[in-house]
Amino acid sequence: LNLKENWKRLYKGKNMFKSNYFKLFMKLNKVKYGKELNLYGVPMIFRKGKSILKIGEGCTIKSSFLSNLVGLNHRTIIVTRTDEAKIEIGNNVGISGATIYARKGISIGDNTLIGGNVKIIDNDFHPIEIEARNKDIKEKIGTREVKIGKNCFIGCNALILKGTEIGDGSVVGAGSVVSGKFPKNVVIAGNPSKVVKNL
């Protein structure tokens, strides 16, 4: 195909960079996923040990640069980092170049859209205390579950921190740093984020 035809297919949603062969690795790694999972580009999806990683039906995960013209900084990364961790992604969820990284638990409801380069993290990555951090004591890493409801929209480059709960139908503004509990059907924005509008 020539370049013009490539762009036509891209804009019609017939992305040439589908990588459904990666599903074989997911099966070998015992990642559970539903029907009609669409992978564009090669993501990094990894389940550690006895952890749980589930992706619902009709989900779309974009990792190639041209799969989302907002401009993706990296491939989508979805990782459970401990044996106790759990990531549960609902049906018809869209994810673009995001990082979803769990040591304890992250849940994302049906029909939620995760914008380009979003980070959803349920832990601090390193201990806060100097001595524990210098000794790399994993048990001292602060961790709290993240819960994102159904029909939410998380704008590009947002950062969702540990312990955050976002109610159904809520929207997170681009570039926001989100920590805390938020009700359903609101717009959340800023750093630190707060409710700026009811929907």
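None of the values given here were measured: they were computed from a predicted structure.

**Student:** Describe the overall build of the protein chain, naming the residues involved and giving the relevant values.
**Tutor:** Summing up its helical and strand segments, the protein chain has three helices and 21 strands in all. Each principal axis of the C-alpha atoms in the protein chain carries an extent, and together these give about 60 × 45 × 30 Å. Buried residues in the protein chain amount to 44% of all 199 residues. On the protein chain, the mean spot of the 34 positive side-chain charges and the mean spot of the 16 negative ones are 7 Å from each other.

**Student:** Give me the lowdown on the sheet that holds strand E19 (residues 181-182), citing residues and values where you can.
**Tutor:** On the basis of which strands lie adjacent, the open sheet formed by seven strands has the order E1-E4-E7-E10-E13-E16-E19 and parallel pairing. At either margin of the open sheet sits one strand with a lone partner, and together these are strand E1 (32-33) and E19. Bridging between strand E10 (residues 105-108) and strand E13 (residues 146-148) involves three bridges; their strand directions are parallel. Residue pairing in the sheet places Ile 106 in a bridge with Val 146 of E13.

**Student:** Tell me about unusual backbone geometry, residues and numbers included.
**Tutor:** Residue Pro 192 follows Asn 191 across a cis peptide bond; omega there is 0°. Phi at Glu 36 takes a positive value of approximately 60°, unusual for a residue other than glycine. In the Ramachandran plot, Phe 125 falls in the positive-phi region, its phi being about 70° despite a non-glycine side chain. By the secondary structure assignment, Phe 125 is in the loop between strand E12 (119-121) and helix H3 (130-134). Residue Phe 125 is classed as partly exposed on the basis of its relative accessible area of 34%.

**Student:** I'd like a description of the nonpolar core, backed by residues and values.
**Tutor:** Ranked by size, the top nonpolar core spans 36 residues in total, and within it Ile 55, Ile 89 and Ile 120 carry the most contacts. Among residues more than four places away in sequence, those in contact with Ile 55 are Met 26, Val 31, Lys 32, Tyr 33, Gly 34, Leu 37, Ile 45, Ile 61 and Ile 89.

**Student:** Which residues make up the sheet that holds strand E9 (residues 99-102), and what values do they have?
**Tutor:** Across the sheet, six strands lie side by side as E3-E6-E9-E12-E15-E18; this open sheet has parallel pairing. This sheet does not close on itself; its edge strands, each paired only once, are strand E3 (44-47) and strand E18 (177-178). As judged from the two bridges shared by E12 and strand E15 (residues 159-160), these two strands associate in the parallel manner. The residue bridging Ile 120 from the neighbouring strand is Ile 160, located in E15.

**Student:** So what's going on with the pattern of salt bridges? Residues and values would help.
**Tutor:** Inspection of every chain in the model, using the stated rule, returns four salt bridges. Where Lys 135 meets Glu 131, a salt bridge forms, and the shortest distance between an N and an O atom there is 3.2 Å. The two residues Lys 135 and Glu 131 agree in class, both being exposed. The partner of Lys 181 in a salt bridge is Glu 165, and the shortest N-O contact between them spans 3.9 Å. Here Lys 181, found in strand E19, pairs with Glu 165, found in strand E16 (residues 165-166); they are 16 residues apart in sequence, far enough to count as distant.

About the criteria used
Residues numbered from 1 in each chain as written. Predicted model: local features only at pLDDT ≥ 70, side-chain atom pairs only at ≥ 80, totals over all residues. Heavy atoms only, no water. Helix = DSSP H or I, 4+ residues; strand = E, 2+ residues; numbered from the N terminus. Buried < 20%, exposed > 50% of the residue type's maximum accessible area, 1.4 Å probe, protein only. Lys, Arg positive; Asp, Glu negative; His and termini not counted. Charge placed at Lys NZ, Arg CZ, Asp CG, Glu CD. Pairing = 2+ DSSP bridges. Core = buried A, V, L, I, M, F, W, Y, C linked by side-chain atoms within 4.5 Å. Contact = heavy atoms within 4.5 Å. Salt bridge = Lys/Arg side-chain N within 4 Å of Asp/Glu carboxyl O.

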